[in-house]
Amino acid sequence: MDFKKAPIIIFASVLFTVTGLQAQTRHKAKAPVKHTTVGLKASIAAGQKVFAQYCVSCHQADALGVPHMNPPLVKTTYVLGDKTKLIKIVLNGFNEDVEINGETYSNSMASHDFLKDQEIADVLTFVRNSFGNKASAITAAQVKAVRATNKKS
Amino acid sequence: MKNRKLLSALLPVAAIAAFILFNACKSGGPANNGKDSLNTTTPTADGGAGLKLPAGFNAAVIADKLGGTREIAVTPQGDIYVKLNRAKNGKGILFLHQEGDKATVKTGFGTFGGTGVYVKNGYLYASSDEEVFRYKLNAQNEVISPDQPEKIVTGLLSRREHEAKAITLDNDGNLYVNIGAYSNACQVEDRKKGSPGQKGCPILDSAGGIWQFKADKLNQHYGDGVRYATGLRNVVGFDWNQQNNQLFVMQHGRDQLHDLFPDMFTTKQSAVLPAECMYALKKGDNAGWPYMYYDQEQHKKILMPEYGGDGKKEGGQDAIDPVAAFPGHLAPNGLLFYTGNQFPEKYKNGAFIAFHGSWNRAPEPQAGYFVVFQPFKDGKPSGEWEVFADGFAGTAAQTASGRAEHRPCGLAQGPDGSLYVTDDNQGTIYKITYKK
């Protein structure tokens, strides 16, 4: 046995274990920190569940909404545009008439500020990357930042 | 890599689509589980309008692409007034003349969008979401001064939700206006999970009921009217029953039982509950919203969960019972008592109801988009209701997804006993006739 090589082997195996553990932890936390394919995929999957629980009854399974009542979430700047505005709609609700592609929508959307930062990030990432939409992910950190400066009602 | 990304983005869409399709196939079109089953008469193809009707009936599309056609009135001369939900080219009311199986727009007037239109005693009445107007008619029931309506009622609450002001008149010079509640269940925060019901629901002071005004007095406000009936969340379809000399209304029941109370209601229960109720009203009646809802399967008035209910505890002890109850969320937008002689005897004095179709059944399949007949005897519902005219939505998949092509809204009876149905999605007017 070549004892000179032992420290290197030990060092290498420790490094391997640590990175492995780190990877595992990261996976468990769904870490959407970097927009890696894995992070995006996990966020979309989690967001789909949030959508099914809190959004589908008004915005519908195809996210095309209900004429005159609940607005569509497909190909609209409300969804694909400014992230802060979009996060605020979820946090504060939406109670004004909105016109999208010549159609007005008037139903009230309740505040969903009871959702966790991660849940809001996931559902918005899901909506921005589904139904024909394609836009960057939204992170829990971004939601947290908007929530911190959001008006207190 | 890119493909994989795309695939993972599309997967949820495909899953949802498959779920809808699965549910649609499972239930064979409109929801039918147990007592929610939709009774149908033997359908036959009609004359090209794409509707399914009982044998002997025929439907013709007499006009289309008119805009958001809401309520409709047909004059003794057979001319048509129809109200648009939004004014089109500055015209909110259209006047159409019929020749054979076609109706042609002769003129448009009234700059306001809205829902209600009614012809009575030499006047055309029409409503915006805040006001009611009337126009004097000549001997041919044509509007004399389209630019100079008289304002009958003004300043009604319109807070986006349930904003449509449906109107009807009795035989004693009174006008009835629905003022819908600007809320789902009078929660402190509307439609927010966990938000409780407001004690002594303040909405009921100025909405959530039917108001009675004088049909010929100008510029009436709340103070000039009478809250004729309360505890009605939202009414669009209503009609004066000439046999009973009484007001009948169809209420749109509350939404989102599962969303707000997932521990008490499954998505399946939430899709069919609560009932869409028909009420026969007397002055001073209370139909119970927001403190109760009607469960058509338990045949009971149930305490609203926002007010401490659990889906079983009874409530609404001071509220009247409905005279008929229909499956949830079908959205009754038109009610008409048939007094004509053209249709077979069984239809006489019975009620046609235009169900606009559901949206609040998701993720369960949507349903409705049809005209129902509720038989009546001696001024009361008698026997099972049946689907009279179906096929407005298009395919079964279009019904299930809620992407209906046509959505029935307003009903009217012509001087010859023909039945008129509007569709506010594509602006179609159907005329349904019967031949022995």
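Scope of this entry: the structure provided in the associated data block.

### A short note on the sheet that holds strand β16 (residues 235–241) of chain B
All names here are of chain B.
Here comes step 1: The sheet built from four strands is open, its strands ordered β16-β17-β18-β22 with antiparallel pairing. Strand pairing shows two members of the sheet lacking a second neighbour, β16 and β22 (324–326), which therefore form its edges. Across the sheet, the axes of successive neighbouring strands diverge by a mean angle of 20°, strand direction being ignored.
Here comes step 2: Pairing of strand β18 (residues 276–281) with β22, which is carried by three bridges, proceeds in the antiparallel orientation. Within the sheet, the bridge partner assigned to M278 lies in β22 and is A324.

### As for the state of the cysteines
All names here are of chain B.
Here comes step 1: Applying the stated criterion across every chain, the model contains one disulfide over all chains.
Here comes step 2: Each sulfur of the disulfide joining C186 and C201 lies 2.1 Å from the other. Disulfide C186 to C201: torsion about the S-S bond roughly 95°, handedness right-handed. Residue C186 is located in the loop between β13 (174–179) and β14 (209–214), and its partner C201 is located in the loop between β13 and β14; the two are separated by 15 residues in the primary sequence.
Here comes step 3: The class of C201 is buried, set by a relative accessible area of 3%.

### Regarding unusual backbone geometry
Residue and element names in this part refer to chain B.
Here comes step 1: In the segment running from L273 into P274, the intervening peptide bond is cis, with an omega of -10°.
Here comes step 2: Looking at where P274 falls in the secondary structure, it is placed in the loop between α3 (267–272) and β18.
Here comes step 3: Residue A362 is joined to P363 through a cis peptide bond whose omega torsion reads 5°.
Here comes step 4: The residue P363 is located in the loop between β24 (351–355) and β25 (370–374) in this model.
Here comes step 5: Look at N89: it is not a glycine, yet its phi comes out positive at around 50°.
Here comes step 6: Checked against the element boundaries, N89 lands in the loop between β5 (80–88) and β6 (91–99).
Here comes step 7: Positive phi values are uncommon outside glycine, yet H329 reaches one of about 70°.
Here comes step 8: Following the sequence through the fold, H329 ends up in the loop between β22 and β23 (332–337).

Here is what the cut-offs are and how they apply
- Every chain is numbered independently, its residues counted from 1 as its sequence is written.
- Chains and ligands are labelled by the order in which they are written, letters from A for the one and numbers from 1 for the other.
- Per-residue local features of the predicted model are confined to residues with pLDDT of at least 70, and side-chain atom pairs are confined, for both listing and counting, to 80 or more; whole-chain, interface and lining totals are unaffected and use all residues.
- Excluded from the side-chain calculations are hydrogens and water; all other atoms, namely the structure's heavy atoms, are used.
- Paired strands are those between which DSSP finds at least two bridges.
- Secondary structure counts use DSSP, requiring at least four H or I residues in a row for a helix and at least two E residues in a row for a strand, with both numbered from the N terminus.
- Whenever a helix is involved, its axis is fitted only over the stretch in contact; in every case the axis is a line through C-alpha atoms, and angles between N-to-C directions fall within 0 to 180 degrees.
- Disulfides are defined as pairs of cysteine sulfur atoms found within 2.5 Å of each other.
- For the exposure calls, accessible area comes from a 1.4 Å probe over protein chains only, and a residue counts as buried if that area is under 20% of its type's maximum, exposed if over 50%, partly exposed in between.

Shape is all these values report; function is a separate question.
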